[in-house]
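Listed below are the residues making up each chain.
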Amino acid sequence: MPSSTSPDQGDDLETCILRFSDLDLKYTSLINPSSSLQAELDGSTKKKYSFAKKKAFALFVKTKEVPTKRSFECKEKLWKCCQQLFTDQISIHRHVATQHADEIYHQTASVLKQLAVTLSSSKSLSSADEKNPLKECLPHSHEVSAWLPDISCFNPDELISGQGSEEGEVLLYYCYRDLEDPQWICAWQTALCQHLHLTGKIRIATEGINGTVGGSRLATRLYVEVMLSFPLFKDDLCKDDFKTSKGGAHCFPELRVGVFEEIVPMGISPKKISYKKPGIHLSPSEFHKEVEKFLSQANQEQSDTILLDCRNFYESKIGRFQGCLAPDIRKFSYFPSYVDKNLELFREKRVLMYCTGGIRCERGSAYLKAKGVCKAVFQLKGGIHKYLEEFPDGFYKGKLFVFDERYALSYNSDVVSECSYCGAQWDQYKLCSTLQCRQLVLTCPACQGQGFTACCVTCQDKGSRKASGPTQDNFKEECECTARRPRIPRELSRHVQQPVSPEPGPDAAEDGPVLA
């Protein structure tokens, strides 16, 4: 397998999936390890580091390639990164080396870890005369191209027709399963999405894959077919695991594929809290019955059941299940600390958990179960997405927040949130008008017309000063709405506490995996 090739066997970097001989690495001095780290590396490890760094750099650049209509006829390549378009390798390499050093450094560390694991595994497998399942199912060349669908029978326009209209579709899916070589999967997924003109975000780890991609209906159909037939996933994925919604490639600014420690960032190593020990899965109909039973109780505060929303507060603000407990947290990585701080709340309770597509509940329920205080822990299989497909007018009210440029999906006419300025019913998010701020704000058309377009007074004033003052590349985000929110709230009672202030923007890779 590409990543299992030891760099000690010479400098033949073409054994990797990508050919590093094509890279102009004159700028790689900018992504060297720190001096303290480098001092600790012996000659052999330095060689491994150089190998891993080049692979990480090449993989990162590869994820920035964008398909063009002319790519069907010639080998012209374009790259898009940080909203900039690059037409030659030198410029994209310079940009990556100077602007993404941290990402390359972390990606290099990931490659090194995987290399160590793979070499260790290969030695133990060799001694035990065991077979590698990935080697069994992949061709001897390990070429990514061997696992791309044949699109020669389709008109190129058919694959990209959904990029600017509602003819397209967005897929949301995840698959927990052990992956021996996530770097190979990363390169394959990058090539596959580019081949099909898909944009989106995909996170890959040794524990599985988490993705959301958009493109034409033909492209998404082909993508699902490839995923369902791929040897590593065909026994773990089924067609129902792919949630679909109207959209297309235009819902994402670019394609981002990366290797991480977790496919959803809970902030705890999968080795400590594994996806293999989740709560009990309930189908949408089973979950619906449980919620109905819970809501029928006269005194829900005295109930032995808690309906727990695992999402961030800005998600639950515009849509949620009736009677739920919606934590006022900004990131899923705060969820473990929230559980720890409010552990007594869950003692001897039956917990019904839900999130957008189900992925956060897999490890969130495993964490809650590991605490040993709950009577039972259940989770909604397929998440709110699947529930709303079956019960659009059920117990979930309002919109479903999604991590792309649509911000929300609507399945019913209920509006459960309000304008942050005047209090009128409103549930359509916009980004704060101060460019460097990434907060989400609910401001109705009337208030927008009066100039209320920032998340708070501080940002509104900052935006004015930015527009009239000298230009700067960036400035530190210091908003009233972030400063006054406790990082980890403590629930004083079973009453649901709904957030009332403007909303920090979507973070990296929750149910829709942003790669930050």
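Bear in mind the structure is a predicted one, so any value in this text is a computation, not a measurement.

### Observations regarding the nonpolar core
No. 1: Ranked by size, the top nonpolar core spans 37 residues in total, and within it Trp188 and Tyr223 carry the most contacts.
No. 2: Within the residue set of this core, elements represented by two or more residues are strand S4 (168–176), helix H7 (182–195), strand S5 (199–205), strand S6 (208–216), helix H8 (217–229) and strand S8 (255–259).
No. 3: Top contributing element to this core by residue count: H7, with eight residues.
No. 4: Not counting residues up to four positions away in its chain, the partners in contact with tryptophan 188 are Val144, Trp147, Leu148, Val226, Met227, Phe230 and Phe233.

### Thoughts on the packing of H7 against H8
No. 1: Contact geometry for H7 and H8: axes closest at 10 Å, N-to-C directions at 150°. Classified by the interaxial angle, the pair formed by H7 and H8 is roughly antiparallel. Considering the relative orientation of H7 and H8, their crossing is right-handed. Touching Trp188, Gln189, Leu192 and Cys193 of H7 are Tyr223, Val226 and Met227, all from H8.
No. 2: Grouping the amino acids of the contact of H7 with H8 by side-chain chemistry returns six nonpolar, one polar and no charged.

### Quick notes on helix H12 (residues 359–370)
Residues lying three or four places apart along an α-helix face the same way, a consequence of the helix completing one turn every 3.6 residues.
No. 1: Its twelve residues place the ends of H12 17 Å apart at the C-alpha level, agreeing with the 16 Å of an ideal helix rising 1.5 Å per residue.
No. 2: Extensive coverage of H12 is indicated by the burial of ten of its twelve residues.
No. 3: Buried within H12 are the following residues: Ile359, Arg360, Cys361, Glu362, Arg363, Gly364, Ser365, Ala366, Tyr367 and Leu368.
No. 4: One or two residues past the end of H12 sits glycine 372, with phi positive at roughly 70°.

### With respect to the confidence of the model for the protein
No. 1: Looking at the protein, pLDDT values average 80 and 75% of them are 70 or higher.
No. 2: Taken together, the stretch residues 1–41 has pLDDT below 50 and engages in 81 contacts with residues farther than four places along the chain or on a different chain.
No. 3: Across residues 70–74, confidence stays below pLDDT 50; counting only partners more than four residues off in sequence or on other chains, it has six contacts.

### Details of the packing of helix H9 (residues 284–295) against helix H13 (residues 383–390)
No. 1: As a packed pair, H9 and H13 sit with axes 9 Å apart at the nearest point and diverge in direction by 85°. On the basis of their axis angle, the class for H9 and H13 is roughly perpendicular. On H13, the residues touching Pro284, Ser285 and His288 of H9 are Lys386, Tyr387 and Glu390.

### Some remarks on the pairing of S4
It is a general feature of regular strands that their side chains alternate between the two faces of the sheet.
No. 1: By the criterion of burial, S4 is predominantly enclosed, with nine of the nine residues buried.
No. 2: What you see with S4 is no split at all: Gly168, Val170, Leu172, Tyr174 and Tyr176 on one side and Glu169, Leu171, Tyr173 and Cys175 on the other are buried throughout.
No. 3: Two elements, S4 and strand S7 (residues 243–247), share five bridges in a ladder whose sense is antiparallel. The residue of S7 that forms the bridge with leucine 172 is lysine 243.

### Points about the sheet that holds strand S10 (residues 305–309)
No. 1: Strand order in the open sheet formed by four strands is S9-S13-S12-S10, with parallel pairing between adjacent strands. Lying at the two open borders of the sheet, with one neighbouring strand each, are strand S9 (280–282) and S10. Averaged over all pairs of adjacent strands, the angle between their axes in this sheet comes to 25°, without regard to strand direction.
No. 2: Bridge count between S9 and strand S13 (residues 376–380): three bridges; the pairing is parallel. Each bridged residue has a counterpart across the sheet, and for leucine 282 the counterpart in S13 is leucine 380.

Thresholds applied
Residues numbered from 1 in each chain as written. Predicted model: local features only at pLDDT ≥ 70, side-chain atom pairs only at ≥ 80, totals over all residues. Heavy atoms only, no water. Core = buried A, V, L, I, M, F, W, Y, C linked by side-chain atoms within 4.5 Å. Buried < 20%, exposed > 50% of the residue type's maximum accessible area, 1.4 Å probe, protein only. Helix = DSSP H or I, 4+ residues; strand = E, 2+ residues; numbered from the N terminus. Contact = heavy atoms within 4.5 Å. Axes fitted to C-alpha atoms, helices over the stretch in contact; angles between N-to-C directions. Parallel < 35°, antiparallel > 145°, perpendicular 65-115°, else oblique. Left-handed = near helix turned anticlockwise from the far one by under 90°. Nonpolar A, V, L, I, M, F, W, Y, C, P; charged D, E, K, R; others polar. Expected span 1.5 Å × (residues − 1). pLDDT = per-residue confidence, 0-100. Pairing = 2+ DSSP bridges.

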